[in-house]
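Structural overview
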Amino acid sequence: MIKSCVTIALVPQIKTGPWIFWEDLEAGMEKASKLGFDAIELFTASADAIENPKLQELLKKHNLELAAVGTGAGKVIHGLTLTDPNSEIREKAVSFISDMIDFGAAFGAPAIIGSMQGNILPGNDREETMSWLAEGLNQLGKHAESRGVTLIYEPLNRYETNLLNTIEAGSKFLDSLETKSVKLLADLFHMNIEEGNLEESILNWGKYIGHVHFADSNRRPMGFGHTSMKEIAEALQTVKYSGYASAEAFPYPNPDAAAEQTIEEFSKWFG
Ligand code: LER
Ligand code: MN
């Protein structure tokens with residue numbers, strides 16, 4: 001069974017980003033719960049931005065799970081990536097993500113590596129950069145395993161990274177790693193830009209998918225763009241995907257309406 005999830009961002013520096021609810025954790029959770037979402041995905045500035053007991057209490061009160069935690073603040077606030085040519089920065093990136101893994105793992109939730117994967121910077125060698133990414137993911141995958149969770153790696157579209165853009169490239173890269181604890185994030189917005197055929201990619205590489213970002217072609221809530229969801233939903237069911245469809249979309253036309261649109265579409269395809 002696929003479960004519904006909505007994003008809540010608590011980081012002012014990413015205010016223009018594709019997140020449904022903003023800044024007010026409790027108000028976002030209350031709304032998510034009222035609409036019948038199963039879970040929330042959180043973007044925090046750091047691993048200690050919310051006290052564990054406080055989050056426990058709120059999740060229980062609103063009958064929600066924590067689906068995943070985003071690590072993007074490590075890049076946006078601190079400039080850290082796993083592929084920076086400077087080894088000290090790579091080490092700090094690993095340490096930041098390790099802390100986020102611990103934060104999520106206390107709730108059984110994986111951490112997501114999106115923008116913290118970085119890029120092959122001008123003048124740098126692809127092979128060497130990919131070896132830094134592999135080193136970081138191997139280390140962090142092992143750490144996630146020791147905490148009883150997976151680690152989620154997200155192929156991003158070409159305007160955000162030149163490392164790995166498709167589900168196929170991501171899957172093959174995961175096969176080359178020592179760790180088997182890293183899964184892929186299938187973000188339907190990035191896939192709309194990069195995949196030749198979204199449902200075929202899901203059918204071919206479904207066993208690698210550990211999380212789904214549920215957004216339409218224009219990154220508005222599902223149903224507001226031209227993604228053909230029917231085939232995608234069927235493909236996810238065929239590969240027996242049983243994780244979350246998490247709304248990482250722009251709060252269009254406003255957060256409440258975006259959340260309502262998302263849960264309606266979720267029920268239509270997965271309910
Ligand atoms: C993060 O999940 C993502 O999809 C990125 O596009 C955010 O920069
Ligand atoms: Mn995403």
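This report concerns the structure included in the present document.

With that settled, consider helix α1 (residues 25–35). If you check which residues of α1 are buried, you get Leu25, Gly28, Met29 and Ala32. The arc that holds every buried residue of α1, seen down its axis, measures 95°, which confines them to one face. Next to the buried residues of α1 lie β1 (3–9), β2 (21–22), β3 (39–43) and α2 (52–62). One side-chain oxygen at the N-terminal end of α1 lies 3.3 Å from the backbone nitrogen of Glu26; it belongs to Asp24. In the stretch just after α1, Gly36 is the one whose phi turns positive, near 95°.

The next subject is the coordination of the manganese ion (ligand 2). Taken together, the protein ligands of the manganese ion (ligand 2) are Glu154 (OE), Asp187 (OD), His213 (ND1) and Glu248 (OE), with distances of 2.1 to 2.2 Å. The site at the manganese ion (ligand 2) holds 6 donor atoms, and with the angles between them running 69 to 172°, its shape is octahedral. All donor residues of the manganese ion (ligand 2) come from one chain, and their arrangement in sequence is E-x32-D-x25-H-x34-E. Of this pair, Asp187 sits in strand β7 (residues 182–187) while His213 sits in strand β8 (residues 209–213); the two residues are 26 residues apart in sequence, bridging distant segments of the chain. Owing to a relative accessible area of 1%, Asp187 belongs among the buried residues under this scheme. A relative accessible area of 0% means that His213 is categorised as buried.

A contiguous nonpolar surface patch, about 240 Å² in accessible area, is contributed by Phe224, Phe250 and Tyr252. Using a relative accessible area of 34% as the deciding quantity, one classes Tyr252 as partly exposed.

On to the packing of aromatic side chains. The description of an aromatic ring pair rests on the distance of the ring centres and on the angle between the ring planes. According to the stated counting rule, one finds 7 aromatic pairs in the structure shown. Aromatic side chains Trp19 and Trp22 sit 6.1 Å apart centroid to centroid with 85° between the ring planes, which places their arrangement in the edge-to-face category. Under the relative-accessibility criterion, Trp19 is labelled buried at 10%. Aromatic rings pair up to connect Trp19, Trp22 and Phe43 into one cluster. One cation-aromatic arrangement involves Lys3 over Tyr244; the distance from NZ or CZ to the ring centre is 4.4 Å. Seen from the ring of Tyr252, Arg220 lies directly overhead, with NZ or CZ sitting 3.6 Å from the centre.

What counts as what
Each chain has its residues counted from 1, following the order in which its sequence is written. Here every chain gets a letter starting at A, and every ligand a number starting at 1, in the order they are written. Totals for whole chains, interfaces and linings use all residues, but because this is a predicted model, local features are given only for residues with pLDDT of at least 70 and pairs of side-chain atoms are given and counted only at 80 or more. Computation of side-chain values covers all heavy atoms of the structure but excludes hydrogens and water. Buried means the residue's accessible area, taken with a 1.4 Å probe over protein chains only, is under 20% of the maximum for its type, while exposed means over 50%, and partly exposed covers the values in between. Helix and strand labels come from DSSP, where a helix needs a run of H or I of at least four residues and a strand needs a run of E of at least two; each type is numbered from the N terminus. By arc we mean the arc of the directions from the helix axis to the C-beta atoms, nothing more. By definition in these notes, contact holds between two residues if any of their heavy atoms fall within 4.5 Å. Polar contact is the term for a pair of N or O atoms within 3.5 Å; when the atoms are in protein, one must be able to donate a hydrogen and the other to accept it, and sequence-neighboring residues count only if both atoms are side-chain atoms. Each metal site lists N, O and S donors within 2.8 Å (3.2 Å for Na, K and Ca). With water left out of the atoms, a site can look as if it is missing ligands. For four-coordinate sites, all angles between 85 and 135 degrees define a tetrahedron; for four- and six-coordinate sites, opposite donors beyond 155 degrees with the remaining angles between 65 and 115 define square planar and octahedral shapes respectively, and all other cases count as irregular. Candidate patch residues must exceed 30% relative accessible area and have no salt bridge, after which like charges are joined if within 9 Å and Val, Leu, Ile, Met, Phe, Trp or Tyr side chains if within 5 Å. Only the protein chains shown count as covering a residue, and every accessible area follows the Shrake-Rupley method with a 1.4 Å probe. For salt bridges, the criterion is a side-chain nitrogen of Lys or Arg within 4 Å of an Asp or Glu carboxyl oxygen. Each pair of aromatic rings taken from Phe, Tyr and Trp, with Trp reduced to its six-membered ring, is defined by centres within 6.5 Å and is described as stacked if the planes are under 30 degrees apart, edge-to-face if over 60, and tilted in the remaining cases. Criterion for a charge above a ring: Lys NZ or Arg CZ within 6 Å of the ring centre, and within 35 degrees of the ring normal.

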